[in-house]
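Single-letter residue listing:
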2 protein chains.
Amino acid sequence: MNVENTQVQMRKGILEFCILHIISRGEVYASDLIEELTAAKIIVVEGTLYPLLTRLRKAGLVDYKWVESTTGPPRKYYLMTTEGTEFLNKLDDTWKELVESTNKIINNK
Amino acid sequence: MNVENTQVQMRKGILEFCILHIISRGEVYASDLIEELTAAKIIVVEGTLYPLLTRLRKAGLVDYKWVESTTGPPRKYYLMTTEGTEFLNKLDDTWKELVESTNKIINNK
DNA sequence: TCAAGTACCTTGTTATGCAAGGTACTTTAG
DNA sequence: CTAAAGTACCTTGCATAACAAGGTACTTGA
């Protein structure tokens, strides 16, 4: 057991939450997501992101549309569905509770 | 994909962190941990907790000692090792960064 | 025309939470 | 004395999901 692995575990569930948030602010494609997450120090690689986006789409939380690019192949731009927005609202509450619960435990010295 | 499952994912990596924190404050056994985590709204069941404690022990982060009980079978009381304390310090930093990163993303409207 | 860049996707591995079920010790009611 | 209830520890099998590594396909420019 090493620190890196535990850190990966800590980020796990948060990823989906952050990705939905970014998509909720406007249409983005995979590289936009990787860029913004990396800037916020949440590292994500393609092998994680693509299956995750596919899961979100199959679950009806996001949708996508093809957009031509002037600098390469076409891109899949993702956008929120009504269902996805409701889902994200619930996750907002879960996140607040999780931070509150965890801080309660780690500050209870 | 349902909200419950995503909520479980969000809690996943945090669990280990919270458990180490509780043990670092003093010797506890499994039921103490379940009680304190449940009070903080972090639900954990035996099938999750026992393998996790065994992993932490095998990794040398915690140790245990048997203590006789007056109300039933003997209990395994867990305590931190020096290595475990160092590990926990690193996780403290990771947690702070994770909260900061996530809040950065979800508040970037 | 072919190398480099961009973009999307898949396979196999590993980690881990959880449901369900099991073993064993102690106390108490009948 | 025995059986049931309570307490405590543990294991097996399953499902989920991040990640490493590798693959396909389109576009541009030298």
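None of these values were measured; they are calculated from a predicted model.

Time to look at the overall build of chain A. Broken down by element type, chain A carries four helices and two strands. Its helices and strands taken in sequence order, chain A reads α-α-α-β-β-α from the N to the C terminus. Considered along the principal axes of its C-alpha atoms, chain A spans approximately 55 × 35 × 20 Å. Sorting the 109 residues of chain A into buried and exposed places 26% on the buried side. Summarising the internal contacts of chain A: among those between residues at least 6 apart in sequence, 46% fall at separations of at least 24.

We now examine the protein's contact with DNA strand D. Looking at DNA strand D, there are 32 residues lining it, with Gly-47 and Thr-48 of chain A together with Ala-30, Gly-72 and Arg-75 of chain B nearest. Put simply, the parts of the chain that give the surface near DNA strand D at least two residues each are helix H1 (3-24) and helix H3 (46-58) of chain A together with helix H1 (3-24), helix H2 (30-39), helix H3 (46-58) and strand E2 (75-80) of chain B. Here the surface near DNA strand D gets six residues from one element, more than from any other, and that element is H3 of chain A. Of the residues that constitute the surface near DNA strand D, the class distribution is 12 nonpolar, 12 polar and eight charged.

A separate point is the relation of the copies chain A and chain B. The two copies are related by a screw motion: chain A maps onto chain B through a turn of 180 degrees and a shift of 0.0 Å along the axis, at an RMSD of 0.0 Å. As the rotation angle and translation indicate, the two copies are arranged about a two-fold axis.

Below, the discussion takes up the confidence of the model for chain A. Taken as a whole, chain A shows an average pLDDT of 89; of its residues, 93% reach a score of 70 or greater. Per-element confidence in chain A ranges from a low mean pLDDT of 81 for H1 of chain A to a high of 96 for strand E2 (residues 75-80) of chain A.

Taken together, the contacts link 34 residues of chain A with 35 residues of chain B. If you list the elements that add at least two residues to the side of chain A that touches chain B, you get H1 and helix H4 (82-106) of chain A. Looking at which element gives the most residues to the side of chain A that touches chain B, the answer is H1 of chain A, with 14 residues. Across the side of chain A that touches chain B, the residue classes break down as 16 nonpolar, eight polar and 10 charged.

Residues Cys-18 of chain A together with Phe-17 of chain B are the most contacted members of the largest nonpolar core, which totals 37 residues. Of all the secondary-structure elements, those providing two or more residues to this core are H1, E2 and H4 of chain A together with H1, E2 and helix H4 (82-106) of chain B. Each residue touching Phe-17 of chain B, except ones within four places of it in the same chain, is listed here: Met-10 of chain A together with Leu-91 and Trp-95 of chain B.

To continue, consider the environment of Tyr-78 of chain B. Note on placement: Tyr-78 of chain B falls in strand E2. Those residues in contact with Tyr-78 of chain B that sit more than four places away from it in its chain are Ile-23, Glu-27, Val-28, Tyr-29, Leu-53, Val-62 and Tyr-64 of chain B.

Phi angles above zero are rare outside glycine, and Lys-41 of chain A is one such case at about 70 degrees. Mapped onto the elements, Lys-41 of chain A comes out in the loop between helix H2 (30-39) and H3.

Inspection of the region around DNA strand C gives 32 residues, with Ala-30, Gly-72 and Arg-75 of chain A together with Gly-47 and Thr-48 of chain B positioned closest. Taken together, the elements giving at least two residues each to the surface near DNA strand C come down to H1, H2, H3 and E2 of chain A together with H1 and H3 of chain B. Here the surface near DNA strand C is composed, by residue class, of 12 nonpolar, 13 polar and seven charged.

It is worth spelling out the environment of Ser-31 of chain B at this point. Residue and element names in this part refer to chain B. Tracing the backbone shows Ser-31 in helix H2. For Ser-31, a count of 11 C-beta atoms within 10 Å corresponds to the exposed category. Between the C-alpha atoms of Ser-31 and Val-45, which are 14 residues apart in sequence, the distance is 9.9 Å.

All right, on to H3 of chain B then. Taking 1.5 Å as the rise per residue, H3 of chain B with 13 residues should run 18 Å; its terminal C-alpha atoms sit 18 Å apart, in good agreement. Following H3 of chain B by one or two positions, Gly-60 of chain B adopts a phi angle in the positive range, close to 80 degrees.

The rules behind the values
- Residues numbered from 1 in each chain as written.
- Chains lettered and ligands numbered in written order.
- Predicted model: local features only at pLDDT ≥ 70, side-chain atom pairs only at ≥ 80, totals over all residues.
- Helix = DSSP H or I, 4+ residues; strand = E, 2+ residues; numbered from the N terminus.
- Buried ≥ 20, exposed ≤ 12 C-beta atoms within 10 Å, placed from the backbone.
- Contact = placed C-beta atoms within 7 Å.
- Near = placed C-beta within 6 Å.
- Nonpolar A, V, L, I, M, F, W, Y, C, P; charged D, E, K, R; others polar.
- Least-squares fit on C-alpha atoms with pLDDT ≥ 70 in both.
- pLDDT = per-residue confidence, 0-100.
- Core = buried A, V, L, I, M, F, W, Y, C linked by C-beta atoms within 7 Å.
- Expected span 1.5 Å × (residues − 1).

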